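# Examination of the molecular architecture
What follows is the residue order along each chain.
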Amino acid sequence: MRIPTQAGLARVLELVFPSKCVHCDAEGSLLCGVCLNGAAFLKGSGNGGFCRRCARNTGGPDLCHACAESPPPLSRLIAVYQFDGAIRDAVHALKYNDIRALGPILGRLMSDDPRIVRLVPDAIVPVPLHARRERSRGYNQAALLARPIAELLEAPVAGDLLRRTVHNQPQVESRAESARSRNVSGIFKASPGVRDKRILLVDDVATTGSTLRECARTLLKAGARRVDAVVLAKEI
Ligand SMILES: [Zn+2]
Ligand SMILES: [Zn+2]
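Conventions used here
Residues numbered from 1 in each chain as written. Chains lettered and ligands numbered in written order. Predicted model: local features only at pLDDT ≥ 70, side-chain atom pairs only at ≥ 80, totals over all residues. Heavy atoms only, no water. Salt bridge = Lys/Arg side-chain N within 4 Å of Asp/Glu carboxyl O. Buried < 20%, exposed > 50% of the residue type's maximum accessible area, 1.4 Å probe, protein only. Donors = N, O, S within 2.8 Å, 3.2 Å for Na, K, Ca; no water. Tetrahedral: all angles 85-135°; square planar, octahedral: opposite > 155°, others 65-115°. Helix = DSSP H or I, 4+ residues; strand = E, 2+ residues; numbered from the N terminus. Pairing = 2+ DSSP bridges. Axes fitted to C-alpha atoms, helices over the stretch in contact; angles between N-to-C directions. Contact = heavy atoms within 4.5 Å. Phe/Tyr/Trp six-rings, centres within 6.5 Å; stacked < 30°, edge-to-face > 60°.

Taken as a whole and judged by the stated rule, the model has seven salt bridges. The salt bridge involving Asp-113 is made with Arg-115; its shortest N-O contact spans 2.8 Å. Owing to a relative accessible area of 1%, Asp-113 belongs among the buried residues under this scheme. For Arg-115, a relative accessible area of 13% translates into the label buried.

See the structure below:
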């Protein structure tokens, strides 16, 4: 008897238990076209509307007052969707229900954003989980999202350039901006390999952006030349 490969096994499972949309339960795919069409994009239509450095809705200009007055460590923050509806359900399924097949699907949606193709990173760094959390989940969802982006930009995924050294509380427990900044301060460590590199951080969701800014600060302190970030979704 032939032992099925993992891909072969996935195809057999697909026949027995066809994929259902994580938002509306329609059969056929994990995220159906109807739900995807209903997802809100966070990009300016022609004349902008979102700050290029923090993805805040400015209603027009591509740089908000806060970022103009005190530039954040991120040169760019690209948020593809609003964290809501089908996208929220998809992120939840990817992170907590072990539906890792959503990783490449969502990563491809991110790499379809025309703003991303203009970035020229030397290395792509998924925002790291603490080793203990990655072990219990079995994977880092940000690393799954990063792969299609790395293929598009022809840059390596370099997960070893940044580590999360402190196992902090999940961000949902502290929503206040000041508490979140304190919560993430000093929790990452960058490798000397980041020196002079342009780094693109990838993550699933940004709430206030404090985790991404802390990653960027850590990378810049270790000598990175520039840090940009792309997230699938941002809470607004
Ligand atoms: Zn659907
Ligand atoms: Zn801003």
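There's plenty left to go through after this.
Let us now look at the coordination of the zinc ion (ligand 2). Protein coordination at the zinc ion (ligand 2) comes from Cys-51 (SG), Cys-54 (SG), Cys-64 (SG) and Cys-67 (SG), with a distance range of 2.3 Å. Classification of the site at the zinc ion (ligand 2) rests on its four donor atoms, whose angles at the metal span 103 to 115°, yielding the label tetrahedral. Site description for the zinc ion (ligand 2): donor spacing in sequence, C-x2-C-x9-C-x2-C. Within this pair, whereas Cys-51 is found in the loop between helix H2 (33-38) and helix H3 (65-69), its partner Cys-67 is found in helix H3, the two being separated by 16 residues in sequence. Note on Cys-51: relative accessible area 1%, which makes it buried.

Moving on: the coordination of the zinc ion (ligand 1). With distances of 2.3 Å, the protein atoms coordinating the zinc ion (ligand 1) are Cys-21 (SG), Cys-24 (SG), Cys-32 (SG) and Cys-35 (SG). Relative to the metal, the four donor atoms surrounding the zinc ion (ligand 1) lie at angles of 105 to 117°, and the coordination shape comes out tetrahedral. Read from N- to C-terminus, the donor residues coordinating the zinc ion (ligand 1) fall into the pattern C-x2-C-x7-C-x2-C. You can see Cys-21 sitting in the loop between helix H1 (6-16) and H2 and its partner Cys-32 sitting in the loop between H1 and H2, a full eleven residues away along the chain.

Quick look at the sheet that holds strand S6 (residues 226-234) now. Taken in spatial order, the four strands make up an open sheet running S1-S6-S5-S2, and their pairing is parallel. Two strands close off the open sheet at either side, each with one partner strand: strand S1 (76-82) and strand S2 (123-126). Pairwise comparison of adjacent strand axes, ignoring direction, gives a mean angle of 20° for this sheet. Summarising the sheet, strand S5 (residues 198-206) and S6 pair through eight bridges and their orientation is parallel. Within S6, the residue paired with Val-205 across the bridge is Ala-233. Relative to S5, helix H9 (residues 210-221) is tilted by about 165°, and along the sheet it contacts S1, S5 and S6.

Within the structure shown, the criterion is met by one aromatic pair. Consider the rings of Phe-41 and Tyr-81, whose centres lie 4.8 Å apart with planes at 20°: the pair is stacked. With a gap of 40 residues between them, Phe-41 in the loop between H2 and H3 and Tyr-81 in strand S1 connect regions that are remote in the sequence. We classify Tyr-81 as buried; its relative accessible area is 3%.

Along the chain, the position of Cys-24 falls in the loop between H1 and H2. Overall, Cys-24 belongs to the partly exposed group, its relative accessible area being 40%. Placed 62 residues apart in sequence, Cys-24 and Ala-86 show a C-alpha to C-alpha distance of 8.1 Å. Every residue in contact with Cys-24, bar those within four places of it in the chain, is listed here: Cys-32 and Cys-35.

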